Amino acid sequence: MGNNHIITSIANRILTITISRELAKNALSLSMYSELTNALKLLDNDPDLSVAVITGSQTCFTAGNDLKDFMSGGALNEQHPTVQFLYQIASTKKPIIAAVAGPAIGIGTTMLLHCDLVYAANNSVFQLPFAQLGLCPEAGCSDILPRITGHVKAFEMVVLGDRFSAQDALEVGLINKVSSAEDVLSIANDAALKLTKLPENAVSTSKQLLKRNTEKRVLDSIAAELVQFETLLNSEQSQKIISSFFNRK
């Protein structure tokens, strides 16, 4: 199923969602965001599905937003495909596992904050280059990240925006395990199979309880971030940076 660079397949109660746009480093277009949202809705609504595994290729998870396409999407309101995806991944009730290899930039890192298990290959490169583009954190990152890493590390990640490795991500608690690029998807699938063998009510109730105290905060943070993100995106400074970014390409 799926035809616009998001490929979905189902086996053993596992929904595999593959980002497949390698010529563009798996950059996410508006239509890809819509397909990701639809896939996560399918996960929650289909009683025959227990868990989703989100992955890319062995050399690239995603380079983040397709900026040109993103900027053609209009106001960052609840009709915007990117915004719909952010709210969907933050509120999906069934477990989501990520298998990451290669670049996981911007949303490629922040979407992992909403996953329940994250496995990363040793060739993974994470980055939150918001300030470099004249922008601010998104996807609830401003709330979730400092709770995981502490304030000073979160500030370093979202403001200095340096790249960091799978080992770095493991040390600050962003991922569960580091493996080879060849093994990362099978490790994620093994975890997914374990989840399918557990009582489903116990799994979904556990996820709900783990997020009970923070879910509203995260959704509120996404909304607050979007207001600031849009203001900064429309600023002269950010427009200049983004314009020079396009001219470099």
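The present account deals with the structure reproduced in this document. What you are looking at is a predicted structure, and each value in this text was computed from that prediction instead of being measured.

Side note on helix H6 (residues 151-160)
Here is step 1 of the chain: Taken residue by residue, H6 has Ala154, Met157 and Val158 as its buried positions. Seen along its axis, H6 keeps its buried residues to an arc of 80 degrees; they face one direction. Opposite the packed face of H6, turned more than 90 degrees from it, sit the exposed residues Val152 and Leu160.
Here is step 2 of the chain: At its buried positions, H6 is contacted by helix H5 (141-149) and strand E8 (164-165).
Here is step 3 of the chain: Just beyond H6, the residue with positive phi is Gly161, at close to 70 degrees.

Let's talk about the environment of Leu174
Here is step 1 of the chain: Topologically, Leu174 is positioned in the loop between helix H7 (166-171) and strand E9 (177-179).
Here is step 2 of the chain: Residues Leu174 and Ile10, 164 residues apart in the sequence, show an inter-C-alpha distance of 27 Å.
Here is step 3 of the chain: In contact with Leu174, not counting residues within four places along its chain, are Leu113, Val118, Leu145, Ile148, Thr149, Met157, Phe164 and Ala169.

Let's talk about the nonpolar core
Here is step 1 of the chain: The biggest cluster of nonpolar side chains holds 59 residues, and the ones touching the most others in it are Ile17, Phe85, Val100, Phe126, Leu145 and Leu174.
Here is step 2 of the chain: Here the element with the most residues in this core is helix H1 (residues 30-45); it accounts for six residues.
Here is step 3 of the chain: Here Val100 is in contact with Phe61, Leu112, Val118, Tyr119, Ala120, Ala121, Ser124, Phe126 and Val184, once residues within four sequence places are set aside.
Here is step 4 of the chain: Listed in part, the 15 residues of the second largest apolar core include Val51, Tyr119, Ala192 and Leu195.

Topic: unusual backbone geometry
Here is step 1 of the chain: A positive phi angle, near 55 degrees, is found at Lys25, a position not held by glycine.
Here is step 2 of the chain: Examined against the element boundaries, Lys25 turns out to sit in the loop between strand E2 (14-19) and H1.
Here is step 3 of the chain: You can call Lys25 exposed: its relative accessible area is 55%.
Here is step 4 of the chain: In the Ramachandran plot, Asn26 falls in the positive-phi region, its phi being about 60 degrees despite a non-glycine side chain.
Here is step 5 of the chain: Of note, Asn26 is situated in the loop between E2 and H1.

Remarks on the sheet that holds strand E5 (residues 103-105)
Here is step 1 of the chain: Overall, mixed pairing links the three strands, which are arranged E5-E7-E8 in an open sheet. Both edges of this open sheet fall to E5 and E8, since each of them pairs with a single strand only.
Here is step 2 of the chain: Two elements, strand E7 (residues 125-127) and E8, share two bridges in a ladder whose sense is antiparallel. The residue bridging Phe126 from the neighbouring strand is Phe164, located in E8.

The rules behind the values
Residues numbered from 1 in each chain as written. Predicted model: local features only at pLDDT ≥ 70, side-chain atom pairs only at ≥ 80, totals over all residues. Heavy atoms only, no water. Buried < 20%, exposed > 50% of the residue type's maximum accessible area, 1.4 Å probe, protein only. Helix = DSSP H or I, 4+ residues; strand = E, 2+ residues; numbered from the N terminus. Arc of directions from axis to C-beta. Contact = heavy atoms within 4.5 Å. Core = buried A, V, L, I, M, F, W, Y, C linked by side-chain atoms within 4.5 Å. Pairing = 2+ DSSP bridges.

That is the geometry; function is a separate question.
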